[in-house]
Amino acid sequence: MNILVVTVGKLKEKYLKMGIDEYVKRLGPYAKIEIIEVADEKAPENLSDQEMQMVKKAEGDRILAKIPQDAHVVAMAIEGELVSSEDLAKNLDELATYGKSKVAFVIGGSLGLSEEVMKRANKKISFGRITYPHQLMKLVLVEQIYRAFRINRGEPYHK
């Protein structure tokens, strides 16, 4: 399976990079994973609704440009379907079973995902109703993808 994680913003925190690198390495035997960071839109602190939409649209256009046409797109969205580790494992297993070998997970910037990205998404999921910093969400997502493959292989996954 080919997994693409498209995120907004460059990861700067060394400890998060180290964690993501570790899980990318662990995923090696299970899947090919690529992480693409697109530029975040520079914006002032206090934005009008219209300005917020413009920022999300610009970031969304960059995200969509990185997603292959034949990819199954999963949007990480706080209002998405709440999924457990086992649910994610089942979803990935079903995609593989039905020939969907390209899966693109998308994480928006601090304002979330554009309407266009949400429309392109085949599925919208959430790991909880709390707000994660989008940089931390990258690490959580990559770890959960790794855990999903371990679950699907019947391997211990509580580590």
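Residues numbered from 1 in each chain as written. Predicted model: local features only at pLDDT ≥ 70, side-chain atom pairs only at ≥ 80, totals over all residues. Heavy atoms only, no water.

Chemist: Help me understand the pairing of strand 1 (residues 2-8), please; the structure alone is not making it clear to me.
Modeler: The side chains of a regular strand alternate, residue by residue, between the two faces of the sheet. The buried fraction of strand 1 amounts to 6 of the 7 residues, a majority that puts the element mostly inside the structure. Note: strand 1 against strand 2 (residues 32-38), 7 bridges, orientation parallel. Each residue of the ladder has a partner; that of Leu4, found in strand 2, is Glu34. Chirality of the crossover, the property in question, places the unit of strand 1, helix 1 (residues 14-27) and strand 2 among those that are right-handed. Here 6 bridges tie strand 1 to strand 4 (residues 102-107), and the two strands are oriented parallel to one another. When the sheet's bridge partners are listed, Val5 is paired in strand 4 with Phe105. (Buried < 20%, exposed > 50% of the residue type's maximum accessible area, 1.4 Å probe, protein only. Helix = DSSP H or I, 4+ residues; strand = E, 2+ residues; numbered from the N terminus. Pairing = 2+ DSSP bridges. Right-handed = clockwise from strand over helix to strand, strands pointing away.)

Chemist: Any chance you could explain the side chain of Lys138 here in plain terms?
Modeler: Position of Lys138 among the secondary structure elements: in helix 5 (residues 134-152). Lys138 gets classed as buried once you look at its relative accessible area, which sits at 1%. From its side chain, Lys138 meets the backbone oxygen of Gly9 in a polar contact 3.3 Å long. Apart from residues lying up to four places away in sequence, Lys138 is in contact with Thr7, Gly9, Leu11, Ile20, Glu37 and Ile107. (Polar contact = N/O pair within 3.5 Å; in protein donor to acceptor, adjacent residues only side chain to side chain. Contact = heavy atoms within 4.5 Å.)

Everything listed here is a matter of coordinates, which is why it stays silent on function.
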